[in-house]
Amino acid sequence: MTSLSEPEFRLRVAREFLEVALRMSDRGVLALAALGLVLAVENAVLSVISCFKPPSKVGDLVMELRSVVEDLGGELAGEAPLLGELVEVAQYVMYTYRDLLTYGDPASGRTPSELLQPVDFEDLASKAARIVEVSEALIAKLLRSA
């Protein structure tokens, strides 16, 4: 296998998490599959960030992505719609699902499996697939123009 750049590698990891999560959902393990979808989103976001700087891998990836977009402003004007969609959907996924799927809801005493409904999984799977798709399109354009 040839050596991959950081963005390409992160996309590969994102695709793998997405594929494995969808296979796990077919086996009825929705909470773990959903956590895999969140990891797919995180790696897709890391792939875009790594086009511009080494990602921190700790902290708030959505804020880091927003910072990259704001810092580069005009340089990314042609990619504004895709970047806007990436930020918006990634923010929704990470802020809505990450802690819920990692820790459950201690206040109600409900575990991630008790909280996640099939309709929520379908929503998350759709959004994660879209984020990976948008990230792939962005990476292809950004690496081509580099």
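Computed from a prediction, not measured in an experiment: that's the story for all the values here.

Scanning the protein from N- to C-terminus turns up six helices and zero strands. Of the regular secondary structure in the protein, the N- to C-terminal order runs α-α-α-α-α-α. Over its C-alpha trace the protein gives a radius of gyration of 16 Å, about what one expects of a compact globule, namely 15 Å for 146 residues. Once the C-alpha set of the protein is aligned to its principal axes, its extents read approximately 50 × 35 × 25 Å. Relative to its 146 residues, the protein shows a buried fraction of 40%. Carbon together with sulfur atoms contributes 54% to the accessible area of the protein, which is approximately 7,900 Å² in total. Taken as two groups, the 14 positive and 22 negative side-chain charges of the protein have centres that lie 4 Å from each other.

Structurally, Ser 47 is set in helix H2 (residues 30-49). Exposure remark for Ser 47: the relative accessible area of 0% places this residue in the buried category. In this structure Ser 47 touches Pro 7, Arg 10, Leu 11, Ser 135 and Ile 139, once residues within four positions along its chain are discounted.

This part takes up the environment of Glu 88. Here Glu 88 lies in helix H4 (residues 80-103). For Glu 88, a relative accessible area of 58% translates into the label exposed. Each C-alpha atom of the pair Glu 88 and Val 62 lies 8.8 Å from the other, and the pair is 26 residues apart in sequence.

Calculation rules
Residues numbered from 1 in each chain as written. Predicted model: local features only at pLDDT ≥ 70, side-chain atom pairs only at ≥ 80, totals over all residues. Heavy atoms only, no water. Helix = DSSP H or I, 4+ residues; strand = E, 2+ residues; numbered from the N terminus. Rg over C-alpha atoms; globule rule 2.2 N^0.38 Å. Buried < 20%, exposed > 50% of the residue type's maximum accessible area, 1.4 Å probe, protein only. Areas by Shrake-Rupley, 256 points an atom, 1.4 Å probe, with all protein chains shown as cover. Lys, Arg positive; Asp, Glu negative; His and termini not counted. Charge placed at Lys NZ, Arg CZ, Asp CG, Glu CD. Contact = heavy atoms within 4.5 Å.

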